[in-house]
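Descriptive analysis of the structure
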Amino acid sequence: MTSSGDVADGRPHVVLIPSAGMGHLVPFGRLAVALSSVHGCDVSVVTVLPTVSTAELKHLEGLFDAFPAIRRLDFQLAAFDASEFPGADAFFLRFEAIRRSAPLFGPLLAGAGASALVTDVTLTSIVIPVAKEMRIPCHILFTSSAAMLSLCAYFPTYLEDNAGSGIGDVDIPGVFRIPKASIPQALHDPNHLFTGQFVENSRSLANAAGILVNTFDALDLETVAALQQGSAVSSFPPVFSVGPLLPVCSPAVNEAKNPANYIEWLDAQPARSVVYVNFGSRKAILGVQLKELAAGLEASGHRFLWVVKSTVVDKDDAAELSELLGEGFLERVQKRGLVTKAWVEQEEVLKHESVGLFVSHCGWNSVTEAATSGVPVLAFPRMGDQRVNAGVVARAGLGVWVDSWSWEGEDWVVSGEDLSEKVKAMMADEVLRKTAASLGVAAAAAVANGGSSYRCLADFARLCLAAT
Ligand code: UDP
Ligand code: G50
């Protein structure tokens, strides 16, 4: 035992502190497995209880069951009065609740004997001071794209330079210009709960020992290089591109989550004939937009697997599909469409050979999973960081983004006709299909032994060892 960590067997003990929401938990689980199974680290994962959704709890339990070497450190949230933020998003509230529980992290970490920490970007500004006090190096896992990381890093400077003039296009030196319309909606409001957290976290990033990003060279090389050269912000910590963090393929993680027989259904479809539609785990799509999506998928004439989410948190999802999608829709598409409200194992779906296109909200995990499987993406961003990520999709050639399409909060929706045209064009686009497939090859090479992301994670593990 050293002053900073329990390294009795010579291995660094890396404690991971994830935040809330599947989009944040999933990459932490993958990082835990890669560090533990491939890079020889002793790994603990802090399990913040309660979770926002049942999907999150099941995911974590599956992880610990499948990988007994990964230690579970339960952390009970302190009481939190959400009435201070009426109407706020359930996940932003949970970020805040975890942030306010910060004083409890010290005793937890001291008991665990951590030699290094990796925390979620949403907790940056509250975990780094705790780690500093305990003299444990603290790294950040950035769960979104490197483009979003550059926006995050530069945002405080942008605010200082443009004080009082509202948010416009953000021209990140050495990177690119992010148009006003792509800036996450919440950041336009300086008094928004998310904005307060975001700016504090942005200011703290420079104090991190390192930043892990779930990306790889073929997607984000120039952005990461610009950050490392200090063009966006001077003296930025080392950035490790460690992605795509690979899905954890284990029956214990995946079993019994879904009653729908979608894999059997996919097995029965011709190669690359199915349009897979899923907008992620955390946001419902407006009823009017759902009806246009239904019309668009029907008019495209293609087979489709559509995961419909009609309420914000999965456990509350009760509305009937036939009500949501319009009279007679399910009957009319019965022979070529499978629609479910249940959770599907997305990585299984994307690697299935019958899938030819992914209509995605561009949550970053979904983008990396599409890239891993070499499946083209029709970007349909709805909120938050998704337009910035959709820009990455388009620039890398992984897919297509119609940047004039509306998103959450705008008073019009994308028509079924526009959607159907794009789906038809993309399903017929052989060049796009080949480019997406080549990104799949590049992703596999990046994480294979000796590849760029493999080496970055190995460097990171060595850094943790050196700190013990
Ligand atoms: N996911 C899944 N099945 C679903 C919905 C989501 O497996 O029906 C997974 C998806 O594969 C991804 C994560 O949940 O790993 C969602 O993260 P992402 O960043 O794509 O979007 P978010 O849900 O955070 O908006
Ligand atoms: C949700 C969202 C907007 C958004 C992100 C969300 C990101 C970007 C990274 O998860 O992940 C980030 C999040 C929080 C933070 C700092 C950086 O405090 O609605 O951009």
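Just above sits the structure.
Here goes a summary of the coordinates provided. Everything numeric in this text was worked out from a predicted model, so none of it was measured.

With respect to the sheet that holds strand E10 (residues 274–278)
With parallel pairing, the 6 strands of this open sheet are ordered in space as E12-E11-E10-E13-E14-E15. Every interior strand has two partners, whereas the edge strands, strand E12 (337–340) and strand E15 (399–401), have only one. When the angles between neighbouring strand axes are averaged without regard to direction, this sheet yields 15°. Alignment of E10 against strand E11 (residues 303–307), held across 5 bridges, turns out to be parallel. What sits directly across from Val 275, in E11, is Phe 304. Packing of helix H11 (residues 287–300) onto the sheet brings it into contact with E10 and E11, and relative to E11 it is tilted by some 160°. Sheet contacts for helix H17 (residues 416–427): E10, strand E13 (355–360), strand E14 (377–379) and E15; angle to E14, the most-contacted strand, approximately 155°.

A short note on the pattern of salt bridges
Overall, the coordinates contain 16 salt bridges when judged by the stated rule. For the salt bridge of Arg 72 with Asp 74, the shortest nitrogen-to-oxygen distance reads 2.6 Å. Judged by relative accessible area, Asp 74 falls into the partly exposed class, the value being 42%. Salt-bridge contacts for Glu 96 lead to Arg 100; the nearest nitrogen and oxygen are separated by 2.9 Å. On the criterion of helical spacing, the pair formed by Glu 96 and Arg 100 is a turn pair, its members being 4 residues apart in helix H3 (residues 90–100). Overall, Arg 100 belongs to the partly exposed group, its relative accessible area being 40%. If you follow the salt bridges from partner to partner, you end up with Arg 11, Asp 42 and Arg 71 in one network.

Procedures and definitions
- Residues numbered from 1 in each chain as written.
- Chains lettered and ligands numbered in written order.
- Predicted model: local features only at pLDDT ≥ 70, side-chain atom pairs only at ≥ 80, totals over all residues.
- Heavy atoms only, no water.
- Pairing = 2+ DSSP bridges.
- Helix = DSSP H or I, 4+ residues; strand = E, 2+ residues; numbered from the N terminus.
- Axes fitted to C-alpha atoms, helices over the stretch in contact; angles between N-to-C directions.
- Contact = heavy atoms within 4.5 Å.
- Salt bridge = Lys/Arg side-chain N within 4 Å of Asp/Glu carboxyl O.
- Buried < 20%, exposed > 50% of the residue type's maximum accessible area, 1.4 Å probe, protein only.

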